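# Results of the structural survey
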Amino acid sequence: MVELAEGVAAQVCGRLLAGLGHTVTKCEPPGGDPLRTREPVDAGGLSYTFAALNADKRSVRLDPSTPEGRDRLTELLAAADVLITDVGPRRSAETGLTPAGLRAAHPRLVVVAITPYGAGDPRSDAYGDSLLAECYGGLAAMVGEPDRRPLSLGGEQVAHAAAFVAFYGAMLALRRPGGDVVDVALCDVAAYIDWKSDIVYTETGQIPVRTGTSIGRWRTVEAADGWIGFIFQPEQWDSVVKLVGDPALEDPRLRGDKARFELVDSWWPAVERWAAQRTKREIYHAAQRLGLPFGYGADLADLAADPQYQARSFISDGDGATLAPLVGLPWRFGPPPSLTGDDDEAAEPTPLRPVPPQPVPHTADGRGRAPLEGFVVLDLGTITAGAATGRLLADYGATVIKIEARERPDAFRVWPVPGAGDAEVMEESPLFESNNAGKLGVTLDLKTEAGRAEMRRLVARSDALIENFTVGVTRRLGIDFPTLIEVNPRLIYLSLSSQGQSGPESGTRSYGSSLDLLSGLASVTGYAGERPMWSSADINYPDQIVSLFGAGLIAYCAVQDLRGTYLDVSQRELVSWTLADRIIEHLDTGTVPEPSGNRRPGSTPHDVYRCDGDDQWIAIACRTDAERAALAALIGADRMAGEPARWWEENHREVDAAISAWTRRRRKDACVRELTRAGVPSAPVQSARERAEDPHFRRRRVFLDEPRRQKGFPLRLFGYEPPQPRPAPSLGQHDTEIRNGLLPGPGDAGDVPAPRPAELPSPRPGGSL
């Protein structure tokens, strides 16, 4: 692998490949990557962020704008399988590094381009980071309190999510004869993560808004030593009453979910009084014993001392570089490369196994063969984490068989659309469609010997299996990895559990909001100096990124022919891994970071500002003195133009007031035009309605409209365009065909008649996995 990038997303993608044992050569400018010295830094002056993103890589210094630099880069690419780059289209053209040019010069090379708006979009010549992507993609519009400014998730979340998408895309390209170009746009990934807002807006006409942590059915409440997420489903109310033990919750009027929500002021003060007398861990463990998916607000000091993380060796007692996002594949923990000289001492590489170049067969409609054609996946995933992983694999050609129990199907089939009212759901939810389009559907009763026998028969003919059950369920059903590997020694088995398959808390229950808190993400998300903020039940960020990572892992094992592999992914650990730089800093210095709003190291100003109109905002992110000088001139604050970055940071309130005075007098689109013209990195905060009207997302198929709105694709391959996925299967739709030994191909399942509709469980409002 060769990495030519300065942004976080591309460097995280390279870190994934380096961690898995592949040789990643990082190309730095002659003076070194500017990230090396971005504060905070260790005692030796090395940035914690640089150390976290570049562990185990090699480094060479070159300037691709010079003949010597281009010659050196050409040598590296001639021996490489993959190039990871975030160079914009203008600089790519100037240096001869356009994707088409690279593919022409190196026909077997996979090119992974991670840019703000797409490899060919002129806007990708400007700087882009997670804040700008989350704003333009609409994700930021959903995070924070409804009457306050939108928030970016703590750290560089969309950059990490985009890295997971790019990793998956690289594996897909390696499965294509002769390779391909993978085009990942940061803003597309942000929009893809917020796919439920697209559904809500299309289905109800309502524009989803931020709900924060202080309103809604799920809330955070202050404990004696921190915060606890009060998270439960309607049918768990009796357990909540038992947990709190206050007569105020025993009012018969509170038996119904709608009434509880309307009368929340009559019982919530009792919850607050109760929680204030107990520690957050005491409440968490008591709730979990009752089956309630509460989560406590873990900060980074909590994570470092966490018994679950220690039992799984996720965080070491040493330098913290041992954070690994999965169990089941070897993971390397070496130091980042030094800049004392070109690192030409190549470690023994772990080779990738790209498909050798050959003529690419085309289907009848002219599309190239799908990267995962012929790959069979058994999908026992439910709600989002597991089911969305299967959908991503089906999108790129895998035959994915969704397995459900007729008496207990995927609860997402009847999950209410937020904002659609409390009426009983009479048909399959459009939310289910998004996570299950393109799959086949079969029902099995795994509690019977006949059902388990049918399962074993399917396993014998499959390549991979996905499950996200509570730990222990697969063993009780006789479909755990030790059992099924005896049936098929080449099976790739992916478990996506809350906290992993081992450790004292492996059996806990959680939702995405629980994991926001438990992972430490909420502790660094929020308004400066205030309570932790989760991504909300409408986003459930942890569930979204784990599906991106899970699909990449399965495709990686397919490329590497790592058969008979058990992949144990803790959703909590994966989210914590995105905060690796802050965890390493804490282990080194004892610093415990708190929410800082939208401010981030290395950029100032870095925030969102109110524009003219209701809930209208613009994001601004300046990294250089030139960008700050241009901003000062634009807003009429010339005296700020010559001040250094530290002055802008230390006087951020004065700076923010001057920017706000300018933005408040202008409409959002006018702010965008003037800031862009001045060369100031910016992005509008878009709502779901604005995103639906933006041709960018429709053109790049981030959402689809046939037969109704559903999520589309988080990446693009130059050589393969996924077809419109067939509708999600009805319950047991393909029982007869699959039990008769037939596995329909991608275009064969749509005409199979559906069986009689089955009895389905009642809807479960409040949140989703």
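Anything mentioned here points back to the structure above.
Below is a summary of the structure that appears in this document.

Procedures and definitions
- In every chain, residue numbers begin from 1 and rise along the written sequence.
- In keeping with the predicted nature of the model, local features appear solely for residues at pLDDT of at least 70, side-chain atom pairs appear and are counted solely at 80 or more, and the whole-chain, interface and lining totals rest on all residues.
- Only hydrogens and water are set aside when side-chain values are computed; all heavy atoms of the structure are taken into account.
- Every helix listed is a DSSP run of H or I at least four residues long, and every strand listed is a run of E at least two residues long, numbered separately from the N terminus.
- Between buried and exposed lies partly exposed: a residue is buried under 20% and exposed over 50% of the maximum accessible area for its type, with that area taken using a 1.4 Å probe on protein chains only.
- Computed with the Shrake-Rupley method and a 1.4 Å probe, the accessible areas treat only the protein chains shown as cover for residues.
- Charged residues are defined narrowly, with Lys and Arg counted positive, Asp and Glu counted negative, and His plus the chain ends left uncounted.
- Charge placement uses NZ in Lys and CZ in Arg. For Asp and Glu, CG and CD serve respectively.
- Think of a nonpolar core as a cluster: buried Ala, Val, Leu, Ile, Met, Phe, Trp, Tyr and Cys residues, connected wherever their side-chain atoms sit within 4.5 Å.
- We call two residues in contact whenever any of their non-hydrogen atoms come within 4.5 Å of each other.
- Throughout this description, the term salt bridge denotes a Lys or Arg side-chain nitrogen within 4 Å of a carboxyl oxygen of Asp or Glu.
- Two N or O atoms count as a polar contact when they lie within 3.5 Å, although within protein this holds only if one can serve as hydrogen donor and the other as acceptor, and sequence-adjacent residues are included solely when both atoms are side-chain atoms.
- Pairing between strands requires that DSSP locate at least two bridges from one strand to the other.
- Lines fitted to the C-alpha atoms define the axes, with helices restricted to the stretch that makes contact. Angles between their N-to-C directions range from 0 to 180 degrees.
- Residues forming no salt bridge and having over 30% relative accessible area are the ones grouped into patches, like charges within 9 Å of each other and nonpolar side chains (Val, Leu, Ile, Met, Phe, Trp, Tyr) within 5 Å.
- The pairing test for Phe, Tyr and Trp rings, Trp by its six-membered ring, is centres within 6.5 Å, and the orientation test on the planes gives stacked under 30 degrees, edge-to-face over 60, and tilted for anything in between.
- Sitting over a ring, as applied to charges here, requires NZ of Lys or CZ of Arg to be within 6 Å of the ring centre and within 35 degrees of the ring normal.

What follows is about the overall build of the protein chain. Across its full length, the protein chain carries 31 helices and 21 strands. Out of the 769 residues belonging to the protein chain, those deemed buried represent 60%. Accessible surface computed for the protein chain: about 28,000 Å², of which carbon and sulfur atoms make up 51%. Separation between the mean location of the 85 positive side-chain charges and that of the 105 negative ones in the protein chain comes to 3 Å.

Right, let's talk about the nonpolar core for a bit. Counting residues in each nonpolar core, the largest one holds 156 residues, and the members touching the most others are Ile 114, Tyr 168, Phe 230 and Leu 393. Here Phe 230 is in contact with Arg 217, Trp 218, Arg 219, Val 221, Val 240, Val 244, Trp 267, Trp 268, Val 271, Trp 274 and Phe 294, once residues within four sequence places are set aside. Within the second largest apolar cluster, 22 residues are counted, among which are Ile 403, Leu 444, Ile 479 and Tyr 493.

Listed as buried for helix 24 (residues 580–589) are Ala 580, Asp 581, Ile 583, Ile 584, Glu 585 and His 586. On its buried face, helix 24 sits against helix 2 (48–53), helix 14 (300–304) and helix 23 (571–577). Looking at the residues trailing helix 24, positive phi occurs at Gly 590, about 85 degrees.

To continue, consider the side chain of Lys 711. Here Lys 711 lies in strand 20 (residues 710–711). Asp 395 provides the closest opposite charge to the buried, salt-bridge-free Lys 711, at an N-O distance of 7.5 Å. Of note is the side chain of Lys 711, whose polar atom sits 2.8 Å from the side chain of Asn 435. If near-sequence neighbours (up to four positions away) are discounted, Lys 711 is found in contact with Tyr 192, Trp 195, Ala 388, Arg 391, Ser 434, Asn 435, Val 702, Phe 703 and Leu 704.

Moving on: the environment of Gly 179. Considering the arrangement of structural elements, one finds Gly 179 in the loop between helix 7 (157–174) and strand 6 (181–185). Relative accessible area serves as the criterion here: at 8%, Gly 179 is assigned to the buried category. As a C-alpha pair, Gly 179 and Leu 109 span 70 residues in sequence and 6.1 Å in three-dimensional space. Sequence-distant contacts of Gly 179, defined by excluding residues within four places in its chain, comprise Arg 103, Val 110 and Ala 173.

Pairing in this open sheet of 3 strands is antiparallel, and the strands run 7-8-9 from one edge to the other. Each edge of the sheet is formed by a strand with only one pairing partner; in this case those strands are strand 7 (219–223) and strand 9 (295–296). Pairing of strand 8 (residues 226–230) with strand 9, which is carried by 2 bridges, proceeds in the antiparallel orientation. Bridge pairing in strand 9 places Gly 229 opposite Gly 295. Packed on one face of the sheet, helix 12 (residues 264–276) meets strand 7 and strand 8 and runs near 40 degrees to strand 7.

Right, let's talk about unusual backbone geometry for a bit. For the bond from Glu 39 to Pro 40, the omega torsion is 0 degrees, close enough to zero to count as cis. By secondary structure assignment, the location of Pro 40 is in the loop between strand 2 (25–28) and helix 2. Of the consecutive residues Thr 604 and Pro 605, the connecting peptide bond is found in the cis state with omega at -5 degrees. Within the secondary structure, Pro 605 is located in the loop between helix 24 and strand 16 (606–610).

Here the focus is the sheet that holds strand 12 (residues 440–443). With respect to topology, 6 strands assemble into an open sheet ordered 12-11-10-13-14-15, the strand pairing being parallel. The two strands at the open ends of the sheet, each matched to only one other strand, are strand 12 and strand 15 (565–570). Direction aside, neighbouring strands of the sheet carry axes that sit 20 degrees apart on average. Examined bridge by bridge, strand 10 (residues 376–379) and strand 13 (residues 464–467) share 3 bridges and lie parallel to one another. Bridged to Val 377 within strand 13 is Ala 464. Sitting on the sheet, helix 18 (residues 449–460) is in contact with strand 10, strand 11 (399–404) and strand 13, with an inclination near 150 degrees to strand 10.

With that settled, consider a positive patch on the surface. On the surface, Arg 408, Lys 447, Arg 475, Arg 476 and Arg 509 cluster together into a positively charged patch. One can find Arg 476 in helix 19 (residues 473–477).

The next thing to look at is the packing of aromatic side chains. Considering all chains together, one arrives at 23 aromatic pairs under this definition. When the ring of Tyr 396 is compared with that of Phe 713, the centres are 6.3 Å apart and the planes differ by 65 degrees; the resulting orientation is edge-to-face. Linking Tyr 396 in the loop between helix 16 (385–395) and strand 11 with Phe 713 in the loop between strand 20 and strand 21 (716–717), this pair joins segments that are 317 residues apart in sequence. Accessibility expressed as a relative area gives 1% for Tyr 396, which makes it buried. An aromatic cluster is present here, built from Phe 230, Phe 232, Trp 237, Trp 267, Trp 268 and Phe 294 joined pairwise through their rings. Taking NZ or CZ as reference, Arg 572 lies 4.5 Å from the ring centre of Tyr 309, over its face. Here Arg 709 stacks its cationic end above the ring of Phe 703, 4.1 Å away from the centre of that ring.

Okay, the pattern of salt bridges next. Tallied over the entire structure, the rule returns 57 salt bridges. A salt bridge links Glu 505 to Arg 572; the nearest nitrogen and oxygen atoms lie 4.0 Å apart. Here Arg 572 lies in helix 23 and Glu 505 lies in the loop between strand 14 (492–497) and helix 21 (512–518), a separation of 67 residues in the sequence. We note that Glu 505, like Arg 572, is buried. Through salt bridges that share partners, Glu 3, Lys 26, Asp 33 and Lys 57 make up one connected network.

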